[in-house]
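Notes for the structure review
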Amino acid sequence: MAFHEIVDSVETFEAALKKVKEAQEIFSTYTQEQVDAIFLAAASAANKQRIPLAKMAVEETGYGIVEDKVIKNNYAAEHIYNAYKNTKTCGVIEEDKAYGITKIAEPIGVVGAVIPTTNPTSTAIFKCLISLKTRNGIIISPHPRAKKCTIEAAKIVYEAAVKAGAPDGIISWVDVPSLDLTNLLMKEVDIILATGGPAMVKSAYSSGTPALGVGAGNASAIIDSSADITVAVNSIIHSKTFDNGMICATEQTLIVDKTIYNDVKKEFEKRGCMFLDKKQADMIRKVMLINGALNAKIVGQRPYQIAKMAGFEIPESVKVIIGEATSLEPEEAFGHEKLTTILGMYKSNNFDEAIDMAETLLNNNGGLGHTAVLWIDNNKERAKLDKWAERMKACRLIVNTPSSLGGIGDLYNFKFAPSLTLGCGSWGGNSVSENIGVKHLLNIKTVAERRENMLWFRAPEKVYIKKGCLPVALQELKQVMGKKRAFIVTDSFLFKSGFTKTITDKLDEMGIVHTTFSDVEPDPSLASAQKGAEAMRKFEPDVIIAVGGGSAMDAGKIMWVLYEHPEADFQDMAMRFIDIRKRVYTFPHMGDKAYFIAVPTSAGTGSEVTPFAVITDQDTGIKYPLADYELMPKMAIVDADMMMSGPKGLTSASGIDAVTHDLEAYASMMATPFTDGLALKSLQLIFDNLPAAYDSAAPDAPNDPVARENMANAATMAGMAFANAFLGVCHSMAHKLGAFHHLPHGIANALLIDEVIRFNSAEAPAKMGTFSQYTHPHTLSRYAEVASFLGCKGKNDEEKVEALIAKIDELKERIGIKKTIKDYGVDEKDFLNRLDAMVEQAFDDQCTGANPRFPLFSEIKQMYLNAYYGKHVKV
């Protein structure tokens, strides 16, 4: 059991340190397998608490943005785990030109960790995790203004580590931090891991104890005449606004070639930044530095707040304020590190002068050894890049990348070590020159060039399509695969209505023994899936056939996992991730016991070809969209004969669901030409055939097999598109709207899609999404492409997008979908009372990650309100 005694004096500190050292002696005897299990448990625990910790940090310190701190905490757990899960404590030098990286690493003893107030929870998670991975004990000294959130982060990791087998006492902390106790810590631990201001780091190196510390950042970004201005400017804005500029690797000054200087200014202004006039610049200078030092009151604040401190007003919407600097001398405030939403901007006459200016700023104003940034055509101007890399006395040489997120590693270059403590080498007075991780003894100079990671297109092994193909496709079970026992998953309505008879008749004909589980609810619950899995274990099938809409197929997928891997933990499977390839939890391999076949009976969900499943926690009511390619069915049989009798409500809701699948896949940051073609053709089929399919669903109407088959194909194509491009915030919001207020999933999407299209179309969004191939906001033009493909007219992209929305609204009205959430009888008081909880859950939904515009809580809330009342307040 994890136990901690209060540390508030010299005596209690000495007792705590003794306990950590004793625990570390035991821990040092552990095997790599034991350590890795502890590392995984600790990372998982921290990741699950990312939102509460982010809220605590902002509330306690007054710095930064909750949503961005959520990402920091998520990053500290997920990316650190992913980076070091297979690492041993021995170092090598490596050069990998294919990935554009050169790097090194090393290990140590009992760690004394000093935690800053700017990134308290994420830094505590990071330092605890790398200490555990290297079999170190750790004792933490939190910043007095961030002690509650820092201690809470450490406590979460500690308890999880001990539960997983770590020695009791392996992590400890100072409960009542003071300068005396921090100095004592730095003298008595085996090594200091220091993150904070220059004075604290200097104190660490002066303590007589080996120290791993960091220097001050003051990154200058050179924008060469060959640079892509749109990509450079939008990346810098994205970087500078992340957590209000508090990451130490963030750009502080820009050095722009004179030939593109005015164009760069225009792009900044276009994207919501403001250039200060001379009077305003002087007023800002006075509040930036106090007696030559950074004014702590401006750290992590928004531009309008800083302007107000300086004595003038600017719009709250301004993202970054930019002062045109007049000197490279220390007296020029705009040339210093600012840790907030302010940039200084210089003009260079040529590239050589730009390098000279960047060097002078590092020497005069601090930042030596930390980070330097270059925007350039790195193919045609290789000689310039090499000259810059040779000249810059910085350990992070960031090329064509937002430096706050690029400097911490693993987001824009996937061989660049992730870290929240960035060494500056001997130039910065540090003992390490790289992003601090599990191995450190050498000064390292790391050059990291931006790369776009490999993309993919994945689909089931076999997809059979054509009206009447079901019995023919099933023949493979006997003739090709030799299957003997089939388990059918469906819902009670489909079972009682005879939808499984075609399948069971064919199975009987082939001599394949079968049974049917028909207790799947409209919103399948974990309890139902567990019940089905238990029935599977008793029956021991070698093939599973899920028959129905998304509910039956999703429930079947979860049953399949629990049948093949009863040890699998649902909460772990549902864990949110940033990148599906880097998640903390690894899905077990599927298909060893049973082959999974999906047979859709409605045209909408696309679940027959996707690696997704939506399951509801019956205790909390929360819907969890699970995602992993192990959940992909092995075979999909799309037979329109199974869809001929679908009622109007189902036809409408599922059809419009497919529309949102196509639109979100096309707008996704992860969209590719492979998914684009499927999405566009699917949309065309839907607009051409959904009204006829809807009309044929009337009780006395004649069937329209052509429309039904086209809708079946369209839904499956849409599924293939979003199985690879993923979805966006419309589905995130729809998942929670459906869970909170019991609206059908397709209807929930229909009620939100107009708002999401307008939200994503912003050319200067508050925040854009983070993905290596997504360089700048351009979703407006993407939607305009869809509009043109569907025949919507307009003089410009804005008009085309509005025409597209009108076309969608016309389709919704044609198939009987109401206009607002309120129209569906959702009580206003209940909706408003639970809105904040719904907003937070929607933000943390797995689908949010691929959205081209990163949504803030306030923006999601406004979209919900717009959709409820039918108004269009701009978000």
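Residues numbered from 1 in each chain as written. Predicted model: local features only at pLDDT ≥ 70, side-chain atom pairs only at ≥ 80, totals over all residues. Heavy atoms only, no water.

For the rest of this paragraph, the subject is the pairing of strand 16 (residues 394-399). Most of strand 16 is tucked away: six of the six residues are buried. Relative to strand 16, strand 15 (residues 369-375) runs parallel, the two sharing five bridges. Its bridge partner being in strand 16, Leu374 is matched across the sheet by Val399. One crossover worth recording links strand 15 to the parallel strand 16 by way of helix 14 (residues 382-391), and it is right-handed. (Buried < 20%, exposed > 50% of the residue type's maximum accessible area, 1.4 Å probe, protein only. Helix = DSSP H or I, 4+ residues; strand = E, 2+ residues; numbered from the N terminus. Pairing = 2+ DSSP bridges. Right-handed = clockwise from strand over helix to strand, strands pointing away.)

All of the buried residues along helix 12 (residues 303-310) are Pro303, Ile306, Ala307 and Ala310. In an axial view of helix 12, the angular spread of the buried residues amounts to 100°, which keeps them on one side of the axis. Packing partners of the buried residues in helix 12 comprise helix 11 (278-288), strand 13 (321-324) and strand 14 (342-348). Following helix 12 by one or two positions, Gly311 adopts a phi angle in the positive range, close to 110°. (Arc of directions from axis to C-beta. Contact = heavy atoms within 4.5 Å.)

Next up on the list: unusual backbone geometry. Phi angles above zero are rare outside glycine, and Arg135 is one such case at about 60°. Mapped onto the fold, Arg135 is located in the loop between helix 5 (120-133) and strand 4 (137-141). Judged by relative accessible area, which is 27%, Arg135 ranks as partly exposed.

This paragraph deals with the sheet that holds strand 4. Here five strands make up an open sheet; going across it, the order is 5-4-3-6-7 and the pairing parallel. Two strands lie at the open edges of the sheet, namely strand 5 (171-173) and strand 7 (211-212), each paired on one side alone. For strand 4 and strand 5, the ladder comprises three bridges, and the chain directions are parallel. From the neighbouring strand, Ile139 faces strand 5, where its bridge partner is Ser172. On the sheet, helix 5 packs against strand 3 (110-114), strand 4, strand 5 and strand 6 (191-194) and is oriented at approximately 165° with respect to strand 4. Across the face of the sheet, helix 7 (residues 179-188) comes into contact with strand 3, strand 4 and strand 6 while running at roughly 155° to strand 4. (Axes fitted to C-alpha atoms, helices over the stretch in contact; angles between N-to-C directions.)

A few words on the nonpolar core. The biggest cluster of nonpolar side chains holds 103 residues, and the ones touching the most others in it are Leu663, Leu737, Ile821, Phe831 and Tyr864. In contact with Leu663, not counting residues within four places along its chain, are Leu683, Ile753, Ile757, Tyr783, Val786, Leu804 and Ile808. By size, the runner-up hydrophobic cluster in this structure holds 60 residues, among which are Leu132, Ala166, Ile191 and Leu193. (Core = buried A, V, L, I, M, F, W, Y, C linked by side-chain atoms within 4.5 Å.)

As a further point, take the sheet that holds strand 19 (residues 485-489). Spatially, six strands are ordered 18-25-22-21-19-20 in an open sheet, and the strand pairing comes out parallel. For this open sheet the edge positions go to strand 18 (462-465) and strand 20 (513-517), each flanked by a neighbour on one side alone. Along the sheet, successive strands turn relative to each other by an average axial angle of 15°, direction set aside. Sheet topology note: the strand 18/strand 25 (residues 635-638) ladder contains four bridges and is parallel. Counterpart to Val463 in the pairing with strand 25 is Ala636. Of the strands in this sheet, strand 18, strand 21 (543-548), strand 22 (595-600) and strand 25 are in contact with helix 16 (residues 470-479), which crosses strand 25 at around 160°. Its contacts with the sheet place helix 18 (residues 501-510) against strand 19, strand 20 and strand 21, and it is angled at close to 175° to strand 19.

Along the chain, Gln280 falls in helix 11. Leave out the neighbours within four places in its chain, and Gln280 touches Met274, Phe275 and Phe312.

What follows is about the pattern of salt bridges. Applying the stated criterion across every chain, the model contains 33 salt bridges. When the shortest N-O distance is used, the salt bridge between Arg853 and Glu859 registers 3.0 Å. In this structure, Arg853 and Glu859 share a single accessibility class: buried. Members of the salt-bridge network, linked through shared partners, are Lys278, Asp282, Arg285 and Glu332. (Salt bridge = Lys/Arg side-chain N within 4 Å of Asp/Glu carboxyl O.)

Our next topic: the side chain of Asn724. In this fold, Asn724 is placed in helix 24 (residues 705-725). With relative accessibility at 2%, the residue Asn724 sits in the buried group. A distance of 2.5 Å separates the side chain of Asn724 from the backbone nitrogen of Arg458, its partner in a polar contact. Ignoring sequence-local partners within four residues, the contact set of Asn724 consists of Trp456, Phe457, Arg458, Tyr629, Met670 and Thr675. (Polar contact = N/O pair within 3.5 Å; in protein donor to acceptor, adjacent residues only side chain to side chain.)

With that settled, the discussion passes to the environment of Val826. Along the chain, Val826 turns up in the loop between helix 28 (797-814) and helix 29 (828-833). With 378 residues separating them along the chain, Val826 and Ala448 place their C-alpha atoms 52 Å apart. Those residues in contact with Val826 that lie beyond four places of it in its chain are His741, Leu743, Ile821, Phe831 and Tyr868.

So, about the packing of aromatic side chains. The description of an aromatic ring pair uses the distance of the two centres, along with the angle that the planes make with each other. Going through the model one piece at a time under the given rule, you end up with 16 aromatic pairs. Aromatic side chains Phe831 and Tyr868 sit 4.4 Å apart centroid to centroid with 20° between the ring planes, which places their arrangement in the stacked category. With a gap of 37 residues between them, Phe831 in helix 29 and Tyr868 in helix 31 (residues 857-869) connect regions that are remote in the sequence. With respect to burial, Phe831 and Tyr868 carry one shared label: buried. The ring centre of Tyr99 lies 5.5 Å from the NZ or CZ of Lys415, which sits over that ring. Between Arg782 and the ring centre of Tyr666, over which it is positioned, the NZ or CZ distance is 3.9 Å. (Phe/Tyr/Trp six-rings, centres within 6.5 Å; stacked < 30°, edge-to-face > 60°. Lys NZ or Arg CZ within 6 Å of the ring centre and 35° of its normal.)

Moving on: the state of the cysteines. Inspection of the entire model under this criterion finds zero disulfides. Cys149 takes part in no disulfide bond, and the closest cysteine sulfur, belonging to Cys128, lies 13 Å away. Accessibility expressed as a relative area gives 0% for Cys149, which makes it buried. The closest cysteine sulfur to the non-disulfide-bonded Cys424 is located on Cys395, 6.2 Å from its own sulfur. (Disulfide = S-S within 2.5 Å.)

Going residue by residue along strand 25, you find Met635 and Ile637 tucked away on one face and Ala636 and Val638 tucked away on the opposite face as well. Sheet topology note: the strand 22/strand 25 ladder contains two bridges and is parallel. Across the sheet, residue Ala598 finds its bridge partner in strand 25, namely Ala636.

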